[in-house]
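The residues making up each chain are set out below.
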Amino acid sequence: MPICVKSEIGPLKRVLLQRPGRELEHLSPNTMGQLLFDDIPYLYGAQREHDCFAQILRDNGAEVVYLEDLTAQVLAGDEELRRRFVEAVSYTHLRAHET
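Think of each chain on its own: its residues are numbered from 1, step by step along the sequence as written. In keeping with the model being predicted, local features are shown solely for residues with a pLDDT of at least 70 and side-chain atom pairs are shown and tallied solely at 80 or more, while totals for entire chains, interfaces and linings include all residues. To get the side-chain values, take all heavy atoms of the structure and skip hydrogens and water.

Peer 1: Which parts of the structure should I look at to understand the overall build of the protein chain?
Peer 2: When you go through the protein chain residue by residue, the secondary structure sums to 4 helices and 2 strands. In this description the radius of gyration comes from C-alpha coordinates, and the expected globular size is given by 2.2 Å times residues to the power 0.38. What you see for the protein chain is a C-alpha radius of gyration of 17 Å, clearly larger than the 13 Å of a compact globule of 99 residues, by over 25%. Seen through its C-alpha atoms, the protein chain measures out along the principal axes to roughly 45 × 40 × 25 Å. Each residue gets one of three labels from its accessible area relative to the maximum for its type: buried under 20%, exposed over 50%, partly exposed in between, using a 1.4 Å probe on protein chains only. Looking at the protein chain as a whole, 19% of its 99 residues qualify as buried. Put simply, DSSP marks the helices as runs of H or I at least four residues long and the strands as runs of E at least two long, and each gets a number from the N terminus on.

Okay, here's the thing in structure tokens:
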């Protein structure tokens, strides 16, 4: 799916979203400002707001595509790509917890 933006003010046709998940539970007062949060968001409230936003986009004719679903579709079709992806994510996760 090539990216083609011909207008900054025309109707939105398709949007890529990621629903807030447990990653919000890892925010701390030390990282909030860096991630542009004023306060630690409440997961359930963030998910409700996100779902309302996604529905508004749909109601106005936009196709809502979720990053998680798109990633799963891409990885399902290529065993080698899936192996490299899992390896990269595992490495990143391990590095993040070394400190």
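Peer 1: Teacher, can you tell me more about the pairing of strand β1 (residues 14-17) here?
Peer 2: Residues in a regular strand project their side chains so that they alternate between the two faces of the sheet. By the alternation rule, side chains of β1 split into Val15 and Leu17, which are all buried, and Arg14 and Leu16, of which none is buried. Should DSSP find at least two bridges between two strands, the strands are regarded as paired. Sheet topology places β1 next to strand β2 (residues 63-66); 4 bridges connect them, and they run parallel. Bridged to leucine 16 within β2 is valine 65.

Peer 1: Is there a simple way to explain the layout of surface pockets in this structure?
Peer 2: A water-sized probe, rolled over the atoms, reveals where empty space remains. For cavity detection a 1 Å grid was placed over the protein atoms alone, and a set of points counts as a cavity when a 1.4 Å probe fits there but cannot get out; an open set counts as a pocket when protein lies on both sides within 12 Å along at least five of seven lines, with lining residues being those that have an atom within 4 Å of a point. Grid points are joined across faces, edges and corners, and a volume is the space filled by probe spheres set on the points. One number sums up the size of the largest pocket: a volume of about 620 Å³. Considering the residues around the largest pocket, the lining is formed by 17 residues, among which Cys4, Val5, Leu12, Lys13 and Arg14 are closest to the centre. The leading source of residues in the lining of the largest pocket is β1, at 3 residues. Classifying every residue of the lining of the largest pocket gives 11 nonpolar, 2 polar and 4 charged. Note that Gly is not counted as nonpolar here; it falls among the polar residues with everything else outside the nonpolar set of Ala, Val, Leu, Ile, Met, Phe, Trp, Tyr, Cys and Pro and the charged set of Asp, Glu, Lys and Arg.

Peer 1: Is there a simple way to think about the pattern of salt bridges in this case?
Peer 2: Any carboxyl oxygen of Asp or Glu that lies within 4 Å of a side-chain nitrogen of Lys or Arg is treated as forming a salt bridge with it. The tally for this structure, following the rule as stated, stands at 6 salt bridges. With a shortest N-O distance of 3.2 Å, glutamate 25 and arginine 22 are connected by a salt bridge. Given the relative accessible area of 48%, glutamate 25 is considered partly exposed. Given the relative accessible area of 62%, arginine 22 is considered exposed. Taken together, the shared-partner salt bridges connect Glu80, Arg83 and Glu87 into one network.

Peer 1: Explanation requested: helix α2 (residues 43-59) in the structure shown.
Peer 2: Side chains of residues three or four places apart in an α-helix project in the same direction, reflecting 3.6 residues per turn. Between the first and last C-alpha of α2 there are 24 Å, a value that for 17 residues agrees with the 24 Å anticipated at 1.5 Å per step. Within α2, the full set of buried residues consists of Leu43, Gly45, Ala46, Gln47, His50, Ala54 and Leu57. Pairs of residues are marked as contacts when any of their non-hydrogen atoms sit within 4.5 Å. The inward-facing, buried residues of α2 contact β1 and β2. The positive-phi residue at the C-terminal boundary of α2 is glycine 61, with phi of around 95 degrees. Residue count minus one, scaled by 1.5 Å, sets the expected span of a helix.

Peer 1: How do you make sense of the nonpolar core when you look at a structure like this?
Peer 2: Grouped burial of nonpolar side chains is what soluble globular proteins tend to show. Residues enter a nonpolar core if they are buried and are Ala, Val, Leu, Ile, Met, Phe, Trp, Tyr or Cys, with the set joined through side-chain atoms within 4.5 Å. In terms of nonpolar packing, the biggest core is built from 7 residues, these being Val15, Leu17, Ala54, Leu57, Ala62, Val64 and Tyr66. Once residues within four sequence positions are removed from consideration, valine 15 is found in contact with Leu57, Glu63, Val64 and Val65.

Peer 1: Just to check I follow, could you spell out the side chain of histidine 50 for this structure?
Peer 2: Counting through the fold element by element, histidine 50 comes out in helix α2. The buried category is assigned to histidine 50, whose relative accessible area is 10%. Those residues in contact with histidine 50 that sit more than four places away from it in its chain are Leu17, Gln18, Arg19, Pro20 and Tyr66.

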